[in-house]
Amino acid sequence: MLITLSHNTPPNAPLMPSVQDAILLWQSGVTLPLNARLEYLSENCQTPCFALHDDVLARGLLSHYRRHFPHITLISMDEMVQLTERYFPQLAL
């Protein structure tokens, strides 16, 4: 499953992704690691985590991501399309 997070607040329901899932941060969701300590976004989580590079860049967070969140892979829009092909179904939160 591809779990997409596009808001700057954590989802209301508990999120328990597995190693077969992936998490994508985009739009305002790229600020989630700054605002909340969420287990599924920590470097100890086994679920692959991605963030849309252009959204990180647009918010001036590129150096912060590289320094504090090296476990979150920055991807392009083309790579995001590939994620949607690889992980399904998709859950938008």
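Residues numbered from 1 in each chain as written. Predicted model: local features only at pLDDT ≥ 70, side-chain atom pairs only at ≥ 80, totals over all residues. Heavy atoms only, no water.

(A) Broad picture of the side chain of Thr31. Here Thr31 shows up in the loop between strand 2 (22–25) and helix 1 (32–35). A distance of 2.7 Å separates a polar side-chain atom of Thr31 from the backbone oxygen of Ser28. Apart from the residues within four sequence positions on either side, Thr31 is in contact with Asn8, Arg59 and Leu61. (Helix = DSSP H or I, 4+ residues; strand = E, 2+ residues; numbered from the N terminus. Polar contact = N/O pair within 3.5 Å; in protein donor to acceptor, adjacent residues only side chain to side chain. Contact = heavy atoms within 4.5 Å.)

(B) Quick look at unusual backbone geometry. A cis geometry characterises the amide bond from Phe88 onward to Pro89, with omega recorded as -5°. Tracing the backbone through its elements, the reader meets Pro89 in the loop between helix 4 (77–86) and strand 5 (90–92). Phi angles above zero are rare outside glycine, and Gln27 is one such case at about 50°. Relative to the assigned elements, Gln27 resides in the loop between strand 2 and helix 1. The exposure class of Gln27 is partly exposed, given its relative accessible area of 36%. (Buried < 20%, exposed > 50% of the residue type's maximum accessible area, 1.4 Å probe, protein only.)

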